[in-house]
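Structural overview for review
Take a look at the letters that make up each chain.
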Amino acid sequence: MKTEIIYKNGGHQWYFFGRDPNRDARLIDTNQFMITVGNDILLTDPGGAEIFPMVMTSVSNLVDVNRICAIFCSHQDPDIISSLPLWLSLCPKATVYYSWLWEGLMSHYGTQYLKNAKLLPDAGMRIEIGDRPFEIIPAHYLHSAGNFSLFDVEAKILFSGDLGGGFMPHDYPLYVKDFTAHFKLIEPFHKRVMTSNAAKHRWIKRVRKLNPVMICPQHGALFIENGVTEFLDWLEDLEVGRW
Ligand SMILES: [Fe+2]
Ligand SMILES: [Fe+2]
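Quick look at the structure, then.

Calculation rules
- For every chain, the first residue of its written sequence is number 1, and the numbers climb from 1 along that sequence.
- The naming scheme follows written order: chains are lettered A onward, ligands numbered 1 onward.
- Since the coordinates come from a predicted model, pLDDT governs what is reported: local features require at least 70, and pairs of side-chain atoms require 80 or more to be given and counted, while whole-chain, interface and lining totals use all residues.
- Counting from the N terminus, the helices are DSSP H or I runs at least four residues long and the strands are E runs at least two residues long.
- Counting other C-beta atoms within 10 Å of its own, a residue is labelled buried from 20 upward, exposed at 12 or fewer, and partly exposed in the gap between, with every C-beta atom placed from the backbone.
- C-beta atoms are placed from the backbone for every residue, and two residues are taken to be in contact when these atoms lie within 7 Å.
- By our criterion, buried Ala, Val, Leu, Ile, Met, Phe, Trp, Tyr and Cys residues that link up through C-beta atoms within 7 Å make up a nonpolar core.
- Pairing between two strands is assigned when DSSP locates at least 2 bridges connecting them.
- To obtain an axis, a line is fitted to C-alpha atoms, over the contacting stretch when the element is a helix, and the angle between two such axes runs from 0 to 180 degrees between their N-to-C directions.
- Relative orientations are named as follows: roughly parallel for angles under 35 degrees, roughly antiparallel for angles over 145 degrees, roughly perpendicular for angles from 65 to 115 degrees, and oblique for any other angle.
- Handedness of a crossing follows from how the near helix is turned relative to the far one, being left-handed for an anticlockwise turn of less than a right angle and right-handed for a clockwise one.
- Amino acid classes used here: Ala, Val, Leu, Ile, Met, Phe, Trp, Tyr, Cys and Pro are nonpolar; Asp, Glu, Lys and Arg are charged; the rest, including Gly, are polar.

Bringing the environment of serine 74 into the picture now. Here serine 74 shows up in the loop between β5 (68-72) and α2 (78-81). Of the residues examined, serine 74 has 28 C-beta atoms within 10 Å and is grouped as buried. Separated by 43 residues in the primary sequence, serine 74 and alanine 117 have C-alpha atoms spaced 14 Å apart. Discounting chain neighbours no more than four positions away, the residues touching serine 74 are Asp45, Ile80, Asn147, Phe148, Ser149, Gly161 and Gln218.

Further remarks concern the nonpolar core. The biggest cluster of nonpolar side chains holds 59 residues, and the ones touching the most others in it are Met34, Leu42, Ile71, Cys73, Tyr97, Ile215 and Cys216. If we ignore the near neighbours within four places in the chain, the residues touching tyrosine 97 are Ala70, Phe72, Cys73, Lys118, Leu120 and Ile136.

Moving on, we come to the sheet that holds strand β4 (residues 40-44). On the basis of which strands lie adjacent, the open sheet formed by seven strands has the order β1-β2-β3-β4-β5-β6-β7 and mixed pairing. With partners counted over all chains shown, the strands left at the sheet margins are β1 (2-9) and β7 (117-120), one partner each. Recorded for the sheet is a direction-independent mean angle of 20 degrees between the axes of neighbouring strands.

What follows deals with the packing of helix α6 (residues 197-210) against helix α7 (residues 226-237). Viewed as axis vectors pointing N to C, α6 and α7 meet at an angle of 160 degrees, and their least axial separation amounts to 10 Å. The angle between the axes of α6 and α7 places the two elements in the roughly antiparallel class. At the point where α6 passes α7, the crossing takes the left-handed sense. Only Leu232, Leu235 and Glu236 of α7 make contact with α6, whose side of the interface consists of Lys200, Ile204, Val207 and Arg208. Its residues assigned to classes, the contact of α6 with α7 shows four nonpolar, no polar and three charged.

For the bond from leucine 142 to histidine 143, the omega torsion is 5 degrees, close enough to zero to count as cis. As for its placement among the helices and strands, histidine 143 is situated in the loop between β9 (132-138) and β10 (148-152). Positive phi outside glycine occurs at arginine 19, with the angle close to 55 degrees. Along the chain, arginine 19 falls in the loop between β2 (12-18) and β3 (32-37). Arginine 19 sits in the partly exposed class, given 19 other C-beta atoms within 10 Å. Positive phi, normally seen in glycine, also occurs at glutamate 225, with a value near 50 degrees.

This is the structure we're talking about:
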């Protein structure tokens with residue numbers, strides 16, 4: 001599994017894990033991210049149960065998994081979070097953040113593990129990991145009905161969940177370079193799984209105000225530099241919720 005530092009600042013690191021060449025071909029490829037803030041560690045959308053052994057091995061090669069204090073779930077899909085009971089058996093004290101809407105569904109991953117769930121209100125909230133502020137912003141209907149993006153306020157990095165993702169070929173590059181080709185690839189995914197144009201415009205307006213320098217979707221390639229604006233402009237013009 002590919003492990004890469006996508007950003008660093010002082011003693012803090014932002015890691016990407018993904019592109020496992022040995023995964024079953026039926027599995028959609030997923031991007032997992034870890035942020036280390038001093039002694040505290042945040043995992044965002046840590047992935048499915050199927051790839052847990054690879055992600056866990058990559059993480060534990062770098063850090064002590066006991067330091068994981070927060071797990072953010074953009075939504076309730078199995079590719080996002082079916083690894084949750086496995087992670088929580090290793091770091092049972094971690095706080096798990098997800099929409100209030102999914103309490104009944106998420107509990108099926110194991111009520112015995114979900115002792116430190118933080119149910120997110122629809123408006124989102126601000127949290128701190130170590131001394132670092134994060135903004136959890138609403139992305140409802142993009143695509144899940146209870147859906148959030150996670151914004152690292154100081155690094156200005158946005159973890160966008162399925163927004164910006166797509167069904168990608170194996171061994172896809174980590175950063176988007178050819179926008180025309182990339183948008184062609186991710187267009188069918190956005191048209192089909194993003195369900196509301198009004199919600200899409202609300203999200204874009206909020207994200208433009210945040211002015212991120214990097215957008216990290218849970219699938220496919222990351223948008224950096226002018227790629228951020230290219231992506232937001234492209235999404236703004238795309239009619240979603242159709243097939
Ligand atoms: Fe999803
Ligand atoms: Fe996904």
